[in-house]
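In case you want the letters, here they are:
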Amino acid sequence: MTVLSRILTKPLIVAAAVAMPLTACGQSSDTGESLAAKAKMETMVDVPETTITSGTYANDPTHTSMAVSLIHLGFAPYAVQFADVDATLDLDLENPANSTVSFDLAADSVFTSYRGDYKATHKNSKHDTWEEAVAKDFLGAETQPTITFRSTRFDYEGGMTGTVYGNLAMNGITKPAQFDIEITGEGLHPFNQKEGVGIVAKGTVTRADYDIAQSMNNFLSDEVTINFSADFLKAAE
């Protein structure tokens, strides 16, 4: 039984143990209400164990979100997302601290909610679109087309959370980075019956560490927040 299964099942078993003496102490067992309650209790207790096992899991690209955000003009966080993200989770359920995480994302696959006429408002820019400007000026796409992260240590103290430490490479510079990770769900995928696990990760880096857009220091926060979430499905063995 996985960690999540134990967490889900334990309270239900306790609820069943509390409910049983009530019937034994004289509560009518032939009313529709009590029969319905009994049926509901039995359904809740019958929680099947999931079949997730140790192994290599890859993110489902159609159910993956990778976004980075920073404070724009001192007002509010502004976020951009990436369409091309490849992530791998090597999961060791017997020794969770041995698990590893990595991701690769194409810097030029960035997309935003920008709807204005970029060239009309940035006449001196060498770029045709805002997305191109972000990719090349803020993410170093020309210097390093693929942004990468490779974990080196996973701190796990039980439950559904942990911290992953590793190296993040961007704009030709590699620096240590860490992400707080939460397992948000696990079990068999209802459509393809593959083993799956949901992961949410959050971390922060600074533009200064990666020598990114230093000319924009008066307009953008130095700290950049990274938010990642994905469904991971077990790779075929």
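Residues numbered from 1 in each chain as written. Predicted model: local features only at pLDDT ≥ 70, side-chain atom pairs only at ≥ 80, totals over all residues. Heavy atoms only, no water.

How do you make sense of the environment of Ser54 when you look at a structure like this?
Structurally, the position occupied by Ser54 is in the loop between α2 (32-45) and β1 (55-72). Spatially, the C-alpha atoms of Ser54 and Lys234 are 9.0 Å apart, while their sequence positions differ by 180 residues. Other than its neighbours up to four places away in sequence, Ser54 contacts Leu91, Asp92, Leu93, Glu94 and Lys234. From its side chain, Ser54 meets the backbone nitrogen of Leu93 in a polar contact 2.9 Å long. (Helix = DSSP H or I, 4+ residues; strand = E, 2+ residues; numbered from the N terminus. Contact = heavy atoms within 4.5 Å. Polar contact = N/O pair within 3.5 Å; in protein donor to acceptor, adjacent residues only side chain to side chain.)

What's the story with the side chain of Ser151 in this structure? I'm lost.
Here Ser151 is to be found in strand β6 (residues 146-156). Ser151 sits in the buried class, given a relative accessible area of 16%. Polar contacts involving the side chain of Ser151 include one to the main-chain amide nitrogen of Val101, which spans 2.9 Å. Setting aside anything within four residues of it in sequence, one finds Ser151 in contact with Thr100, Val101, Val164, Tyr165 and Gly166. (Buried < 20%, exposed > 50% of the residue type's maximum accessible area, 1.4 Å probe, protein only.)

Just checking my understanding: could you explain the environment of Ser69 for this structure?
Within the fold, Ser69 resides in strand β1. Judged by relative accessible area, Ser69 falls into the buried class, the value being 17%. Sequence separation between Ser69 and Val224 is 155 residues; the distance between their C-alpha atoms is 5.6 Å. Excluding its chain neighbours within four sequence positions, the residues that come into contact with Ser69 are Tyr78, Ala79, Glu223, Val224 and Thr225.

What am I meant to see in the nonpolar core here?
Nonpolar side chains in soluble globular proteins generally cluster together in the buried interior. Counting 46 residues, the largest nonpolar core has Leu168 and Phe232 as its most contacted members. For Leu168, the contacting residues outside a window of four places in its chain are Phe103, Ile147, Thr148, Phe149, Ile173, Thr174, Lys175, Ala177, Val205, Tyr210 and Ile226. (Core = buried A, V, L, I, M, F, W, Y, C linked by side-chain atoms within 4.5 Å.)

Any chance you could explain the side chain of Arg207 here in plain terms?
Structurally, the position occupied by Arg207 is in the loop between β9 (195-206) and β10 (223-234). For the buried Arg207, which has no salt bridge, the nearest side chain bearing the opposite charge is Asp222, at an N-O separation of 4.7 Å. Among the polar contacts made by the side chain of Arg207, one reaches the main-chain carbonyl oxygen of Ser221 at a distance of 3.0 Å. Those residues in contact with Arg207, other than ones at most four positions away along the chain, are Leu70, Ile212, Ala213, Gln214, Met216, Asn217, Leu220, Ser221, Asp222 and Val224. (Lys, Arg positive; Asp, Glu negative; His and termini not counted. Salt bridge = Lys/Arg side-chain N within 4 Å of Asp/Glu carboxyl O.)

In this structure, what is going on with the packing of aromatic side chains? I would like to understand it.
Each aromatic ring pair is specified by the distance between its two centres and by the angle formed by the two planes. In this structure the tally under the stated criterion is 11 aromatic pairs. Ring centres of Tyr118 and Trp130 lie 6.1 Å apart, and the angle between their planes is 40 degrees; on these two criteria the pair is classed as tilted. Linking Tyr118 in helix α3 (residues 118-121) with Trp130 in helix α4 (residues 130-138), this pair joins segments that are 12 residues apart in sequence. Taken individually, Tyr118 and Trp130 each receive the classification buried, so the pair is uniform in this respect. (Phe/Tyr/Trp six-rings, centres within 6.5 Å; stacked < 30°, edge-to-face > 60°.)

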